[in-house]
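Overview (structure and organization)
Here is what each chain is made of, one letter per residue.
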Amino acid sequence: MKEILNGLGPFLRESDEDMDNIIVKESMDEICGALEEEILKSNAPAEEKQTMLARLRKLCNTETNIMLVGATGCGKSSTINALFSCNKPEEYVEVAKVGSRADPETKDIERYRIGNLVLWDTPGLGDGTEIDGHHREVITELLQEVDEGEDGEKNALIDLVLVIMDGSTKDLGTSYQILNEVIIPELKGDTERILIALNQADIAMKTGRHWDYEKNEPDETLTRFLEEKVASIRTRIKEDTGLDITPVYYCAGYEEESGDVVHPYNLSKLLYYILNALPAQKRAAVFGGINTAAGQYEHNDGEMDYSEGVERNLYGMVDYIAEGVGNGAAVGLCILGAPGALVGSVVGAFVGGIKGILNHIF
(Lines give C-alpha, C1' and ligand atoms only; values in the text may rest on other atoms or scores of the structure.)
Protein backbone atom coordinates (compact mmCIF):
# COMPACT_ATOMS: atom_id res chain seq x y z
CA MET A 1 0.00 0.00 0.00
CA LYS A 2 2.80 2.42 0.86
CA GLU A 3 4.29 1.97 -2.62
CA ILE A 4 1.06 3.31 -4.07
CA LEU A 5 0.99 6.16 -1.58
CA ASN A 6 4.63 6.98 -2.32
CA GLY A 7 3.70 7.19 -5.99
CA LEU A 8 1.37 10.08 -5.25
CA GLY A 9 4.39 12.36 -5.01
CA PRO A 10 3.55 15.95 -4.06
CA PHE A 11 -0.05 15.09 -3.27
CA LEU A 12 0.92 13.46 0.00
CA ARG A 13 3.66 14.13 2.48
CA GLU A 14 6.66 11.94 1.80
CA SER A 15 7.41 10.49 5.23
CA ASP A 16 5.83 7.23 6.40
CA GLU A 17 4.82 8.96 9.62
CA ASP A 18 2.90 11.61 7.71
CA MET A 19 1.25 9.01 5.51
CA ASP A 20 0.10 7.16 8.61
CA ASN A 21 -1.51 10.39 9.82
CA ILE A 22 -3.89 10.60 6.85
CA ILE A 23 -7.43 10.80 8.22
CA VAL A 24 -8.85 7.31 7.82
CA LYS A 25 -12.45 6.83 6.79
CA GLU A 26 -13.97 3.47 7.65
CA SER A 27 -16.98 3.26 5.34
CA MET A 28 -17.95 4.18 1.79
CA ASP A 29 -20.42 6.74 3.15
CA GLU A 30 -17.61 8.49 5.00
CA ILE A 31 -15.30 8.32 1.99
CA CYS A 32 -17.97 9.75 -0.32
CA GLY A 33 -18.70 12.52 2.16
CA ALA A 34 -15.02 13.41 2.47
CA LEU A 35 -14.58 13.46 -1.30
CA GLU A 36 -17.58 15.73 -1.75
CA GLU A 37 -16.16 18.19 0.78
CA GLU A 38 -12.75 18.18 -0.87
CA ILE A 39 -14.18 18.70 -4.34
CA LEU A 40 -16.20 21.65 -3.08
CA LYS A 41 -13.09 23.14 -1.44
CA SER A 42 -10.88 22.57 -4.49
CA ASN A 43 -9.83 25.36 -6.86
CA ALA A 44 -11.42 23.63 -9.86
CA PRO A 45 -13.76 25.76 -12.01
CA ALA A 46 -17.40 25.60 -10.93
CA GLU A 47 -18.42 23.62 -14.02
CA GLU A 48 -15.77 20.97 -13.35
CA LYS A 49 -16.78 20.78 -9.70
CA GLN A 50 -20.36 20.08 -10.71
CA THR A 51 -19.23 17.39 -13.16
CA MET A 52 -17.13 15.66 -10.52
CA LEU A 53 -19.84 15.96 -7.87
CA ALA A 54 -22.45 14.49 -10.20
CA ARG A 55 -20.23 11.50 -11.00
CA LEU A 56 -19.24 11.09 -7.36
CA ARG A 57 -22.87 11.01 -6.26
CA LYS A 58 -23.71 8.52 -8.99
CA LEU A 59 -20.78 6.35 -7.94
CA CYS A 60 -21.77 6.43 -4.28
CA ASN A 61 -25.49 5.87 -4.91
CA THR A 62 -25.30 3.22 -7.63
CA GLU A 63 -26.73 -0.16 -6.68
CA THR A 64 -24.86 -3.30 -7.66
CA ASN A 65 -26.66 -6.64 -8.02
CA ILE A 66 -24.79 -9.96 -7.94
CA MET A 67 -26.59 -13.26 -8.42
CA LEU A 68 -25.11 -16.52 -7.16
CA VAL A 69 -26.12 -19.73 -8.93
CA GLY A 70 -25.08 -23.32 -8.41
CA ALA A 71 -25.99 -26.88 -7.49
CA THR A 72 -27.13 -27.81 -3.99
CA GLY A 73 -24.18 -27.95 -1.60
CA CYS A 74 -21.74 -25.99 -3.76
CA GLY A 75 -21.30 -23.35 -1.04
CA LYS A 76 -23.16 -20.26 -2.23
CA SER A 77 -24.13 -19.18 1.31
CA SER A 78 -20.66 -19.82 2.72
CA THR A 79 -19.18 -17.77 -0.13
CA ILE A 80 -21.53 -14.87 0.64
CA ASN A 81 -20.58 -14.99 4.33
CA ALA A 82 -16.86 -15.21 3.54
CA LEU A 83 -16.78 -12.31 1.07
CA PHE A 84 -19.43 -9.94 2.37
CA SER A 85 -20.38 -8.35 5.67
CA CYS A 86 -23.72 -10.06 6.19
CA ASN A 87 -23.11 -9.94 9.94
CA LYS A 88 -23.44 -6.17 10.12
CA PRO A 89 -26.28 -4.67 12.21
CA GLU A 90 -29.84 -5.42 11.07
CA GLU A 91 -30.49 -1.79 10.23
CA TYR A 92 -27.71 -2.00 7.62
CA VAL A 93 -28.27 -5.50 6.24
CA GLU A 94 -31.69 -6.32 4.86
CA VAL A 95 -32.53 -9.98 4.23
CA ALA A 96 -35.64 -10.97 2.28
CA LYS A 97 -37.03 -14.01 0.50
CA VAL A 98 -38.40 -13.66 -3.01
CA GLY A 99 -39.74 -15.96 -5.71
CA SER A 100 -41.71 -18.09 -3.26
CA ARG A 101 -44.75 -20.26 -3.90
CA ALA A 102 -47.10 -22.42 -1.86
CA ASP A 103 -45.00 -25.59 -2.20
CA PRO A 104 -43.21 -25.99 1.18
CA GLU A 105 -40.43 -28.02 -0.48
CA THR A 106 -39.52 -25.16 -2.78
CA LYS A 107 -36.77 -22.92 -1.50
CA ASP A 108 -36.87 -19.20 -2.13
CA ILE A 109 -34.29 -16.83 -3.50
CA GLU A 110 -32.68 -15.03 -0.57
CA ARG A 111 -31.86 -11.39 -1.13
CA TYR A 112 -29.21 -9.68 0.98
CA ARG A 113 -28.96 -5.91 0.81
CA ILE A 114 -25.81 -4.45 2.33
CA GLY A 115 -25.92 -0.73 1.68
CA ASN A 116 -26.00 -0.44 -2.12
CA LEU A 117 -24.86 -4.03 -2.65
CA VAL A 118 -27.61 -6.57 -3.37
CA LEU A 119 -26.78 -10.28 -3.33
CA TRP A 120 -29.23 -12.80 -4.78
CA ASP A 121 -28.66 -16.28 -3.33
CA THR A 122 -30.63 -18.57 -5.64
CA PRO A 123 -31.84 -22.02 -4.49
CA GLY A 124 -29.58 -24.96 -5.20
CA LEU A 125 -30.24 -27.07 -8.26
CA GLY A 126 -30.15 -30.84 -8.60
CA ASP A 127 -32.85 -31.83 -6.09
CA GLY A 128 -35.38 -33.12 -8.59
CA THR A 129 -36.94 -32.29 -11.94
CA GLU A 130 -40.06 -30.53 -10.63
CA ILE A 131 -38.32 -28.44 -7.99
CA ASP A 132 -35.48 -27.61 -10.36
CA GLY A 133 -38.07 -26.46 -12.88
CA HIS A 134 -39.37 -23.89 -10.41
CA HIS A 135 -35.85 -22.81 -9.53
CA ARG A 136 -35.05 -22.29 -13.20
CA GLU A 137 -38.16 -20.14 -13.53
CA VAL A 138 -37.22 -17.78 -10.70
CA ILE A 139 -33.61 -17.55 -11.95
CA THR A 140 -34.87 -16.77 -15.45
CA GLU A 141 -37.29 -14.12 -14.14
CA LEU A 142 -34.51 -12.48 -12.15
CA LEU A 143 -32.21 -12.37 -15.19
CA GLN A 144 -35.01 -10.75 -17.18
CA GLU A 145 -35.60 -7.94 -14.67
CA VAL A 146 -34.54 -4.45 -15.71
CA ASP A 147 -33.49 -1.46 -13.68
CA GLU A 148 -34.36 2.04 -14.85
CA GLY A 149 -31.59 4.52 -14.26
CA GLU A 150 -31.86 8.21 -13.45
CA ASP A 151 -31.52 9.02 -17.15
CA GLY A 152 -34.47 6.77 -17.97
CA GLU A 153 -32.26 4.16 -19.62
CA LYS A 154 -33.26 0.58 -18.84
CA ASN A 155 -30.49 -1.87 -18.04
CA ALA A 156 -30.44 -5.44 -16.79
CA LEU A 157 -30.87 -5.60 -13.02
CA ILE A 158 -28.21 -8.27 -12.50
CA ASP A 159 -24.71 -6.87 -12.98
CA LEU A 160 -22.83 -10.12 -12.46
CA VAL A 161 -23.77 -13.81 -12.37
CA LEU A 162 -21.42 -15.79 -10.14
CA VAL A 163 -21.75 -19.48 -11.04
CA ILE A 164 -20.35 -21.54 -8.19
CA MET A 165 -19.29 -25.10 -8.88
CA ASP A 166 -18.52 -27.78 -6.31
CA GLY A 167 -14.84 -28.63 -6.53
CA SER A 168 -15.33 -31.82 -4.52
CA THR A 169 -17.49 -33.59 -7.12
CA LYS A 170 -16.89 -34.92 -10.61
CA ASP A 171 -20.53 -34.47 -11.58
CA LEU A 172 -20.88 -30.87 -12.71
CA GLY A 173 -23.68 -31.64 -15.15
CA THR A 174 -26.26 -29.55 -13.27
CA SER A 175 -23.98 -26.50 -13.35
CA TYR A 176 -23.28 -26.89 -17.07
CA GLN A 177 -26.99 -27.31 -17.73
CA ILE A 178 -28.11 -24.15 -15.93
CA LEU A 179 -25.23 -22.24 -17.53
CA ASN A 180 -25.95 -23.45 -21.06
CA GLU A 181 -29.74 -23.54 -20.96
CA VAL A 182 -30.65 -20.56 -18.78
CA ILE A 183 -27.88 -18.09 -17.94
CA ILE A 184 -26.14 -17.71 -21.31
CA PRO A 185 -29.39 -17.54 -23.34
CA GLU A 186 -30.91 -14.96 -20.98
CA LEU A 187 -27.81 -12.75 -21.05
CA LYS A 188 -28.18 -12.61 -24.83
CA GLY A 189 -24.50 -12.37 -25.63
CA ASP A 190 -23.52 -10.17 -22.69
CA THR A 191 -21.30 -12.91 -21.34
CA GLU A 192 -18.83 -10.57 -19.65
CA ARG A 193 -21.29 -10.64 -16.77
CA ILE A 194 -20.51 -14.31 -16.06
CA LEU A 195 -17.88 -15.47 -13.57
CA ILE A 196 -17.21 -19.15 -12.79
CA ALA A 197 -15.85 -20.06 -9.36
CA LEU A 198 -14.83 -23.53 -8.14
CA ASN A 199 -15.41 -23.79 -4.38
CA GLN A 200 -14.19 -26.38 -1.84
CA ALA A 201 -10.72 -26.58 -3.33
CA ASP A 202 -9.45 -28.10 -0.09
CA ILE A 203 -11.42 -31.35 -0.58
CA ALA A 204 -11.29 -31.53 -4.37
CA MET A 205 -9.45 -34.85 -4.13
CA LYS A 206 -11.95 -36.20 -1.59
CA THR A 207 -9.45 -37.52 0.95
CA GLY A 208 -8.12 -34.08 1.85
CA ARG A 209 -4.68 -35.58 2.28
CA HIS A 210 -3.17 -33.15 -0.18
CA TRP A 211 -4.28 -30.02 1.69
CA ASP A 212 -1.57 -28.47 3.85
CA TYR A 213 -3.58 -27.41 6.91
CA GLU A 214 -0.62 -25.68 8.53
CA LYS A 215 -0.01 -23.43 5.51
CA ASN A 216 -3.68 -23.45 4.51
CA GLU A 217 -2.97 -24.20 0.90
CA PRO A 218 -2.96 -27.15 -1.54
CA ASP A 219 0.23 -29.13 -1.97
CA GLU A 220 1.76 -29.65 -5.41
CA THR A 221 -0.39 -32.70 -6.17
CA LEU A 222 -3.66 -30.97 -5.31
CA THR A 223 -2.60 -27.76 -7.06
CA ARG A 224 -1.94 -29.73 -10.23
CA PHE A 225 -5.30 -31.48 -9.84
CA LEU A 226 -7.15 -28.17 -9.39
CA GLU A 227 -5.42 -26.59 -12.38
CA GLU A 228 -6.35 -29.58 -14.52
CA LYS A 229 -9.95 -29.36 -13.31
CA VAL A 230 -10.11 -25.65 -14.12
CA ALA A 231 -8.70 -26.38 -17.60
CA SER A 232 -11.25 -29.15 -18.08
CA ILE A 233 -14.17 -26.88 -17.10
CA ARG A 234 -12.87 -24.14 -19.37
CA THR A 235 -12.61 -26.56 -22.30
CA ARG A 236 -16.10 -27.97 -21.65
CA ILE A 237 -17.68 -24.51 -21.55
CA LYS A 238 -15.88 -23.48 -24.73
CA GLU A 239 -16.97 -26.63 -26.55
CA ASP A 240 -20.58 -26.20 -25.41
CA THR A 241 -20.95 -22.44 -25.87
CA GLY A 242 -17.90 -21.01 -27.62
CA LEU A 243 -17.17 -18.86 -24.55
CA ASP A 244 -13.67 -18.67 -23.14
CA ILE A 245 -14.13 -18.42 -19.35
CA THR A 246 -11.38 -19.36 -16.90
CA PRO A 247 -12.79 -20.43 -13.50
CA VAL A 248 -11.28 -19.34 -10.20
CA TYR A 249 -10.73 -22.10 -7.64
CA TYR A 250 -11.00 -21.20 -3.96
CA CYS A 251 -12.16 -22.30 -0.52
CA ALA A 252 -14.75 -20.16 1.27
CA GLY A 253 -13.63 -21.50 4.65
CA TYR A 254 -15.66 -23.30 7.31
CA GLU A 255 -15.57 -24.87 10.76
CA GLU A 256 -15.52 -28.66 10.93
CA GLU A 257 -17.61 -30.68 13.40
CA SER A 258 -14.42 -31.35 15.35
CA GLY A 259 -14.04 -27.62 15.89
CA ASP A 260 -11.10 -27.31 13.52
CA VAL A 261 -11.26 -24.26 11.26
CA VAL A 262 -10.37 -24.29 7.58
CA HIS A 263 -9.55 -20.71 6.64
CA PRO A 264 -10.48 -19.17 3.28
CA TYR A 265 -8.12 -19.67 0.37
CA ASN A 266 -7.89 -17.59 -2.81
CA LEU A 267 -10.58 -15.23 -1.53
CA SER A 268 -8.49 -12.22 -2.62
CA LYS A 269 -8.33 -13.72 -6.11
CA LEU A 270 -12.10 -14.19 -6.21
CA LEU A 271 -12.68 -10.63 -4.96
CA TYR A 272 -10.25 -9.32 -7.59
CA TYR A 273 -12.07 -11.18 -10.36
CA ILE A 274 -15.45 -9.90 -9.15
CA LEU A 275 -14.29 -6.28 -9.08
CA ASN A 276 -12.54 -6.68 -12.41
CA ALA A 277 -15.76 -7.93 -14.00
CA LEU A 278 -17.71 -4.85 -12.89
CA PRO A 279 -17.55 -1.36 -14.40
CA ALA A 280 -15.94 1.26 -12.16
CA GLN A 281 -19.24 2.84 -11.13
CA LYS A 282 -20.45 -0.52 -9.80
CA ARG A 283 -17.44 -1.22 -7.58
CA ALA A 284 -18.20 1.20 -4.77
CA ALA A 285 -21.19 -0.86 -3.64
CA VAL A 286 -19.05 -4.03 -3.48
CA PHE A 287 -16.33 -2.15 -1.65
CA GLY A 288 -18.90 -0.94 0.89
CA GLY A 289 -20.16 -4.46 1.52
CA ILE A 290 -17.03 -6.62 1.62
CA ASN A 291 -16.07 -8.57 4.70
CA THR A 292 -13.14 -6.85 6.39
CA ALA A 293 -12.50 -9.54 9.01
CA ALA A 294 -8.82 -10.12 9.64
CA GLY A 295 -7.32 -13.16 7.93
CA GLN A 296 -10.06 -13.66 5.33
CA TYR A 297 -7.76 -12.75 2.45
CA GLU A 298 -4.43 -13.95 3.80
CA HIS A 299 -3.94 -17.19 1.85
CA ASN A 300 -3.74 -17.18 -1.96
CA ASP A 301 -2.05 -19.02 -4.81
CA GLY A 302 0.58 -16.33 -5.39
CA GLU A 303 0.09 -16.11 -9.16
CA MET A 304 -0.14 -12.35 -8.72
CA ASP A 305 -0.49 -9.77 -5.98
CA TYR A 306 -4.28 -9.84 -5.71
CA SER A 307 -4.38 -7.18 -3.01
CA GLU A 308 -2.64 -4.81 -5.43
CA GLY A 309 -5.09 -5.84 -8.12
CA VAL A 310 -8.02 -5.09 -5.81
CA GLU A 311 -6.51 -1.70 -5.02
CA ARG A 312 -6.10 -0.89 -8.72
CA ASN A 313 -9.73 -1.74 -9.36
CA LEU A 314 -10.85 0.46 -6.49
CA TYR A 315 -8.64 3.35 -7.54
CA GLY A 316 -10.34 3.07 -10.92
CA MET A 317 -13.23 4.79 -9.19
CA VAL A 318 -11.15 7.97 -9.17
CA ASP A 319 -10.91 7.74 -12.96
CA TYR A 320 -14.68 7.41 -13.12
CA ILE A 321 -15.26 10.52 -10.97
CA ALA A 322 -12.83 12.57 -13.08
CA GLU A 323 -13.95 11.26 -16.48
CA GLY A 324 -14.78 14.05 -18.88
CA VAL A 325 -13.20 16.72 -16.68
CA GLY A 326 -10.75 19.04 -18.41
CA ASN A 327 -7.49 20.38 -17.09
CA GLY A 328 -8.71 23.71 -15.74
CA ALA A 329 -7.59 22.84 -12.23
CA ALA A 330 -4.84 20.49 -13.31
CA VAL A 331 -1.43 20.50 -11.77
CA GLY A 332 0.14 18.82 -14.76
CA LEU A 333 0.28 15.34 -13.31
CA CYS A 334 -1.74 12.15 -13.63
CA ILE A 335 -2.50 10.38 -10.39
CA LEU A 336 -3.13 6.66 -10.76
CA GLY A 337 -4.50 7.40 -14.20
CA ALA A 338 -6.87 10.12 -13.03
CA PRO A 339 -6.69 13.61 -14.60
CA GLY A 340 -4.87 16.26 -12.65
CA ALA A 341 -8.18 18.07 -12.15
CA LEU A 342 -8.50 15.98 -9.02
CA VAL A 343 -6.34 18.22 -6.87
CA GLY A 344 -4.16 16.90 -4.08
CA SER A 345 -6.62 17.20 -1.23
CA VAL A 346 -9.27 15.27 -3.14
CA VAL A 347 -6.91 12.45 -3.99
CA GLY A 348 -5.61 12.49 -0.44
CA ALA A 349 -9.12 12.07 0.96
CA PHE A 350 -9.81 9.20 -1.38
CA VAL A 351 -6.50 7.46 -0.70
CA GLY A 352 -6.93 7.94 3.04
CA GLY A 353 -10.37 6.39 2.93
CA ILE A 354 -9.33 3.46 0.78
CA LYS A 355 -6.29 2.90 2.99
CA GLY A 356 -8.48 2.74 6.07
CA ILE A 357 -10.61 -0.09 4.73
CA LEU A 358 -7.94 -2.02 2.83
CA ASN A 359 -5.69 -2.08 5.87
CA HIS A 360 -8.35 -4.19 7.58
CA ILE A 361 -8.34 -6.62 4.65
CA PHE A 362 -4.76 -7.06 3.55
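My aim in this report is to walk through the structure given alongside it, one point at a time. (Residues numbered from 1 in each chain as written. Predicted model: local features only at pLDDT ≥ 70, side-chain atom pairs only at ≥ 80, totals over all residues. Heavy atoms only, no water.)

**Side note on helix 8 (residues 220-241)**
- Its 22 residues place the ends of helix 8 31 Å apart at the C-alpha level, agreeing with the 32 Å of an ideal helix rising 1.5 Å per residue.
- Every buried residue belonging to helix 8 is among Leu222, Leu226, Lys229, Val230, Ile233 and Ile237, and all of these are buried. Looking straight down helix 8, one finds its buried side chains confined to an arc of 100 degrees; they lie on one side. For helix 8, exposure combined with an orientation more than 90 degrees from the buried face picks out Glu220, Glu228 and Glu239.
- For helix 8, the elements touching its buried residues are strand 7 (160-166), helix 7 (173-187), strand 8 (194-199), strand 9 (211-212), strand 10 (217-218) and strand 11 (248-249). (Helix = DSSP H or I, 4+ residues; strand = E, 2+ residues; numbered from the N terminus. Expected span 1.5 Å × (residues − 1). Buried < 20%, exposed > 50% of the residue type's maximum accessible area, 1.4 Å probe, protein only. Arc of directions from axis to C-beta. Contact = heavy atoms within 4.5 Å.)

**Digging into the packing of aromatic side chains**
- As enumerated under the stated definition, the model contains three aromatic pairs in all.
- Between the aromatic rings of tryptophan 211 and tyrosine 265, the centroid separation amounts to 5.4 Å while the plane-to-plane angle is 90 degrees, which identifies the pairing as edge-to-face. You can see tryptophan 211 sitting in strand 9 and its partner tyrosine 265 sitting in the loop between strand 13 (261-262) and helix 9 (267-277), a full 54 residues away along the chain.
- For tyrosine 265, a relative accessible area of 4% gives the class buried.
- Both rings, one in tyrosine 272 and one in tyrosine 306, keep their centres 6.3 Å apart while their planes meet at 45 degrees; by these two values the pair is tilted. On the criterion of sequence distance, the pair formed by tyrosine 272 in helix 9 and tyrosine 306 in helix 11 (residues 306-322) is long-range, its members being 34 residues apart. Here tyrosine 272 matches tyrosine 306 in class, with each residue buried.
- Of the aromatic side chains, those joined through ring pairs into one cluster are Tyr272, Tyr273 and Tyr306.
- The cationic tip of lysine 269 hangs over the ring face of tyrosine 249; the distance from NZ or CZ to the ring centre is 5.8 Å. (Phe/Tyr/Trp six-rings, centres within 6.5 Å; stacked < 30°, edge-to-face > 60°. Lys NZ or Arg CZ within 6 Å of the ring centre and 35° of its normal.)

**Topic: helix 9**
- Counting buried positions over the 11 residues of helix 9 gives eight, a clear majority of the element.
- By the burial criterion, the buried members of helix 9 are Leu267, Ser268, Lys269, Leu270, Leu271, Tyr272, Ile274 and Leu275.

**Observations regarding the state of the cysteines**
- In the structure shown here, the tally under the stated rule is one disulfide.
- The disulfide partner of cysteine 32 is cysteine 60, and the gap between their sulfur atoms is 1.8 Å. On the sign convention where negative is left-handed, the bridge of cysteine 32 and cysteine 60, at about -95 degrees about the S-S bond, is left-handed. Of this pair, cysteine 32 sits in helix 3 (residues 28-41) while cysteine 60 sits in helix 4 (residues 46-61), and the two are 28 residues apart along the sequence. For the pair cysteine 32 and cysteine 60, one class covers both residues: buried. (Disulfide = S-S within 2.5 Å.)

**Some remarks on the pairing of strand 8**
- Most of strand 8 is tucked away: six of the six residues are buried.
- The alternating pattern of strand 8 places Ile194, Ile196 and Leu198 and Leu195, Ala197 and Asn199 on opposite faces, both of which are buried.
- The pairing of strand 7 with strand 8 spans six bridges and is parallel. Residue valine 161 lies in a different strand from strand 8, and its bridge partner there is isoleucine 194.
- Running through helix 7, the crossover from strand 7 to the neighbouring parallel element strand 8 is right-handed.
- As paired elements, strand 8 and strand 11 share two bridges and run parallel to each other. (Pairing = 2+ DSSP bridges. Right-handed = clockwise from strand over helix to strand, strands pointing away.)

**Focus: unusual backbone geometry**
- Positive phi values are uncommon outside glycine, yet asparagine 216 reaches one of about 55 degrees.
- Note on placement: asparagine 216 falls in the loop between strand 9 and strand 10.

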